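Single-letter residue listing:
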Amino acid sequence: MRVLQVIPSVRPESGGTGRSISALCTALANVGVDTILYAAHAPGDNLTIEPGSEAYEVKLFSAAAGRLYASYLIFKHINAIGNEFDLIHLHSIWNPIVTAAAAAARKSRVPYVLSPHGMLNKVCLKRRQTLKRVCSALYERNTVERAVSLQFSSSNDSRDSRVSWFNYPEHFLAPNGIDLGGAQIDAGAFRKRFPELADKQILLFLGRLHSIKGLNLQFQAFEKLIGKYPNLRWVLIGPDDGEWERVDRLGRDAGLDSYIRWLGPMLGAERFDALAAADVVLQSSFYECHSMTINEALAVGAPLVITDTANFDAVQRIGAGYVVPRDPLKFATAIDSILQSPEKAEQMRKAGRQFAEEELNWSHIATRVKAAYTQILSGSGKSHSRRE
């Protein structure tokens, strides 16, 4: 079975999707799927993968002249060699890379799966809604409706991604996984790297500093706790996507700027060390389809406080943290409950690690995705036995 994965970008600044798809490709290759990854790449872009160093093939298309030109290159390439693939799996929507790849798949008569990764949720649709309605009418209706299947991360993701704009094909469920890659997690290494945090209690946000992340709620909860915990620090790690100036201003206006640290983006073992060093990891997004940060926090054993809008109910169900409404007092109360009970925090750490090992194992997820691919190809009538 030869499957092409297409993602707009593998830049770490683009969020957790790049990391998750790179890991999915490796896991699929390990369960016997001949996997190829296409993405756009501009000069100076950081990469979440190293071409040629993984168990799958990577082809990057130059975006030096813009993403639209990269889309044209991908369309042209798939149109020329589309019959080499049994199936194409597209990741994201409202992006010319994916739109072009879907059009090329249809022209080449190659069945394709579409994973919206939360981009069909009503929260996402409100951003540039008029433009998205126009795009839907012009071409994205074809992108969605002519997919042979959709892939969602959970039943909540499937439910929240169904809007009246489209008629939806069949779907299957497969979450993001997590693989620490044999990394030796060292919470002490993070605190040594930032000695000003060595003896502090850390509330950690890890992700893009973007308006959808609901950072104002985290700040309001932090304000309520700082009087009780003078050694508390709110630490933010991730690329700025337009929110740091506002967060910094909130801190300065409240006289709390010395208690807030933005450390910029971190990759690989560094981010895992930071998660392990955190007393509590915070997630307050207005919407997440399946947060890689939550996955990673569970895997390293970091207690979590997240909002119900983050769509990860398992955090509280398994005892790895709390899921609360979008209310500053309730958010702060949940954090306080963890900070004042080291025993409870340790129980949460153990529960998270166990859940990640049993439920978020990429090998299990890749087997599930491969089974879905096999069923899709059997139903489409496309032969793939030559590549099994």
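Please refer to the structure placed before this passage.
Keep in mind it's a predicted model, so treat the numbers as computed, not measured.

Student: What is the right way to look at the pattern of salt bridges in this model?
Tutor: Side chains that carry opposite charge are capable of pairing whenever their charged atoms lie near each other. Scanning the entire structure with this criterion turns up 15 salt bridges. The partner of Lys 213 in a salt bridge is Glu 288, and the shortest N-O contact between them spans 2.7 Å. Of the two residues, Lys 213 sits in the loop between β8 (201-206) and α8 (215-226) while Glu 288 sits in the loop between β11 (280-283) and α11 (292-300), which places them 75 residues apart along the sequence. Exposure remark for Glu 288: the relative accessible area of 12% places this residue in the buried category. A salt bridge links Arg 252 to Asp 248, with the shortest nitrogen-to-oxygen separation between them at 3.2 Å. Remark: Asp 248 and Arg 252 occur in helix α9 (residues 244-253); sequence separation between them is four residues, near one turn of the helix.

Student: Looking at this structure, how should I read the pairing of β8?
Tutor: Working note: regular strand, side chains alternate between the two faces of the sheet. Here β8 lies mainly inside the structure; five of its six residues are buried. With six bridges connecting them, β8 and strand β9 (residues 232-237) associate as parallel partners. Among the inter-strand pairings, Leu 206 is bridged to a residue of β9, identified as Ile 237. Taken together, β8, α8 and β9 form a β-α-β motif whose crossover is right-handed.

Student: How do you make sense of the side chain of Ser 158 when you look at a structure like this?
Tutor: Among the secondary structure elements, Ser 158 is positioned in helix α6 (residues 155-160). Ser 158 gets classed as buried once you look at its relative accessible area, which sits at 6%. Discounting residues that sit within four places of it in the chain, Ser 158 has contacts with Phe 152, His 171 and Leu 173.

Student: Mind showing me how you'd approach α9 here?
Tutor: Every α-helix winds through 3.6 residues per turn, so residues three or four apart in the chain are directed the same way. Of the positions making up α9, those classed as buried are Trp 244, Val 247 and Gly 251. With its buried residues spanning 65° around the axis, α9 presents them on a single face. Exposed positions of α9 whose direction lies more than 90 degrees from the buried face are Glu 245 and Asp 253. Looking at the buried positions of α9, the neighbouring elements they touch are α8, β9 and β10 (260-262). Downstream of α9 by one or two residues, Gly 255 has phi in the positive range, about 70°.

Student: I would appreciate a short explanation of the environment of Asp 86 in the present structure.
Tutor: Looking at the secondary structure, you find Asp 86 in the loop between α2 (67-81) and β4 (87-91). Sequence separation of Asp 86 and Leu 4 is 82 residues, and the distance between their C-alpha atoms is 8.2 Å.

Student: Looking at this structure, I do not really get the packing of aromatic side chains. What am I missing?
Tutor: The description of two aromatic rings rests on the distance between their centres and on the angle between their planes. Applying the stated rule across the entire model yields nine aromatic pairs. For the pair Phe 222 and Trp 234, a centre-to-centre distance of 6.2 Å together with 35° between the ring planes defines the contact as tilted. Remark: Trp 234 occurs in strand β9 and Phe 222 occurs in helix α8; sequence separation between them is twelve residues. Aromatic rings pair up to connect Tyr 38, Phe 61 and Phe 85 into one cluster. When the ring centre of Phe 286 is taken as origin, the NZ or CZ atom of Arg 326, which lies over that ring, is 4.0 Å away.

Student: It is not clear to me how the pairing of β11 should be interpreted in this structure. Could you clarify?
Tutor: Neither face of β11 is open: one carries Val 280 and Leu 282, the other Val 281 and Gln 283, and all of them are buried. With two bridges joining them, β8 and β11 adopt parallel strand pairing. Bridged to Leu 204 within β11 is Val 281. With three bridges connecting them, β11 and strand β12 (residues 304-307) associate as parallel partners. By the bridge assignment, Leu 282 is partnered in β12 with Val 305. Since β11 and β12 lie parallel, the crossover through α11 that links them has a hand, and here it is right-handed.

Student: Please clarify how the nonpolar core should be interpreted in this entry.
Tutor: When a protein is soluble and globular, its nonpolar side chains tend to lie buried together. Core analysis: the largest hydrophobic core is formed by 36 residues, its most contacted members being Val 6, Tyr 38, Ile 78, Ile 88 and Leu 90. Elements with a contribution of two residues or more to this core: β1 (2-9), β2 (34-41), α2, β4, α3 (96-107), β5 (112-115), α5 (129-145) and β6 (149-152). The element contributing the most residues to this core is α3, with six residues. Membership of the second largest hydrophobic core comes to 34 residues, among which are Phe 190, Phe 194, Ala 277 and Ala 320.

Student: I'm lost on the packing of α3 against α5 in this one. Help?
Tutor: Contact geometry for α3 and α5: axes closest at 10 Å, N-to-C directions at 60°. Regarding α3 and α5, the two cross each other, and that crossing is left-handed. Every residue of α5 that contacts α3 at Val 98, Thr 99, Ala 102 and Arg 106 is listed here: Tyr 139, Glu 140, Asn 142 and Thr 143. Across the contact of α3 with α5, the residue classes break down as three nonpolar, three polar and two charged.

Student: Got a minute to help me understand α2 in this structure?
Tutor: When the terminal C-alpha atoms of α2 are compared, their 21 Å separation across 15 residues agrees well with the 21 Å that a helix rising 1.5 Å per residue should span. For α2, every residue scored as buried is listed here: Ala 70, Ser 71, Ile 74, Ile 78 and Ile 81. Buried residues of α2, viewed axially, fall in a sector of 120°; they line one side. Opposite the buried face of α2, by more than 90 degrees, sit the exposed residues Leu 68 and Ala 80. Contact partners of the buried residues in α2: β1, β2, β3 (57-62), β4 and α3.

So, how was this worked out
- Residues numbered from 1 in each chain as written.
- Predicted model: local features only at pLDDT ≥ 70, side-chain atom pairs only at ≥ 80, totals over all residues.
- Heavy atoms only, no water.
- Salt bridge = Lys/Arg side-chain N within 4 Å of Asp/Glu carboxyl O.
- Helix = DSSP H or I, 4+ residues; strand = E, 2+ residues; numbered from the N terminus.
- Buried < 20%, exposed > 50% of the residue type's maximum accessible area, 1.4 Å probe, protein only.
- Pairing = 2+ DSSP bridges.
- Right-handed = clockwise from strand over helix to strand, strands pointing away.
- Contact = heavy atoms within 4.5 Å.
- Arc of directions from axis to C-beta.
- Phe/Tyr/Trp six-rings, centres within 6.5 Å; stacked < 30°, edge-to-face > 60°.
- Lys NZ or Arg CZ within 6 Å of the ring centre and 35° of its normal.
- Core = buried A, V, L, I, M, F, W, Y, C linked by side-chain atoms within 4.5 Å.
- Axes fitted to C-alpha atoms, helices over the stretch in contact; angles between N-to-C directions.
- Left-handed = near helix turned anticlockwise from the far one by under 90°.
- Nonpolar A, V, L, I, M, F, W, Y, C, P; charged D, E, K, R; others polar.
- Expected span 1.5 Å × (residues − 1).

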